[in-house]
Amino acid sequence: MKTAGIILILFSGTGLGLCKSMELTTRLKILEKLAQLLLLLKGEIRCTGATLEDAFLDAAAKMPGEYRLFLKETAGWLQQRPGITFDEIFRECAARLLPLYKLSEEERESFLSLGEKLGYLDREMQVAQLTLLEEELGYRIKTLKSAMPKQQKTYQSMGILGGILLAVLLW
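About the criteria used
- Residues numbered from 1 in each chain as written.
- Predicted model: local features only at pLDDT ≥ 70, side-chain atom pairs only at ≥ 80, totals over all residues.
- Heavy atoms only, no water.
- Phe/Tyr/Trp six-rings, centres within 6.5 Å; stacked < 30°, edge-to-face > 60°.
- Helix = DSSP H or I, 4+ residues; strand = E, 2+ residues; numbered from the N terminus.
- Buried < 20%, exposed > 50% of the residue type's maximum accessible area, 1.4 Å probe, protein only.
- Salt bridge = Lys/Arg side-chain N within 4 Å of Asp/Glu carboxyl O.

Enquirer: Requested: an account of the packing of aromatic side chains, with residues and values cited.
Expert: In the structure shown here, the tally under the stated rule is seven aromatic pairs. Ring centres 6.5 Å apart and planes at 90° place the aromatic pair Phe-56 and Phe-90 in the edge-to-face group. Of this pair, Phe-56 sits in helix α2 (residues 52–60) while Phe-90 sits in helix α4 (residues 86–97), placing them 34 residues apart in sequence. For the residue pair Phe-56 and Phe-90, the accessibility class agrees, reading buried in each case. Pairing Phe-86 with Phe-90 gives two aromatic rings, centres 5.7 Å apart and planes at 40°, and the pair type is tilted. Note that Phe-86 and Phe-90 are positioned in helix α4 at a spacing of four residues, about one turn of the helix. Looking at Phe-86, the relative accessible area reads 7%, which means it is buried. Using a relative accessible area of 0% as the deciding quantity, one classes Phe-90 as buried.

Enquirer: Let's hear about the pattern of salt bridges: which residues, and what values?
Expert: Following the criterion strictly, the structure yields 13 salt bridges and no others. Between Glu-32 and Lys-145 there is a salt bridge; the shortest N-O distance is 3.4 Å. Remark: Lys-145 occurs in helix α7 (residues 123–170) and Glu-32 occurs in helix α1 (residues 2–48); sequence separation between them is 113 residues. Classification of Glu-32 as partly exposed rests on a relative accessible area of 32%. Notably, a salt bridge pairs Glu-109 with Arg-91, separated by 2.8 Å at the nearest N-O pair. Of this pair, Glu-109 sits in helix α5 (residues 105–112) while Arg-91 is found in helix α4, placing the two residues 18 residues apart along the sequence. Glu-109 gets classed as partly exposed once you look at its relative accessible area, which sits at 34%. Members of the salt-bridge network, linked through shared partners, are Asp-87, Arg-91, Glu-109 and Glu-116.

In C-alpha cells:
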C-alpha cells in the first residue's frame, strides 16, 4: 500500500511538471493567434478601407473557433449598441470569449488596451496602433520561444524532483 502511494506521488509530481510545461506552449499559441488576428485586422483596415465593424467581420471569416466568435460578437455589438464605447465592447467581448486568463497580466492588459486605442482614431492611426501592438506581440513571442525550452525542462525536472523528494520524505 505504501509503495503504491509513493508511485502515485512520483507520477503526480511528474504530471505537475508536464502540466506547467504545457501551459507555456498554450500561452505561445494564444500569443501567435492574437498576432494573426491583429495582422488580419490591419490588412482589412489598410487594404480595403473597411470600418472597424466590417474589418472585424471580414477577419472573423479567416480565424478559427473562439477568435472568430470574438470578432463576430464585437462587430455585432458595434452595430447594436451605439451608446457604448468601443473600449468597453472590446474589453467585454475579449474577457468573455478569448482565453486571455492563460496569458500574463502584462500581455493581457496590452491586448485589452487596443480597444481604447482603436475606437476613435482615423484609419492611419488605427493601422499604426495595430502595427505597434503587432510588433510588441512579436517581441513577446520571440522572447517566449527563446526561453521556452529551458523553462519547460526546468518545470519538468522540478516536478519529477519534487515528487521524488516527497516520496523520500514519506518513505
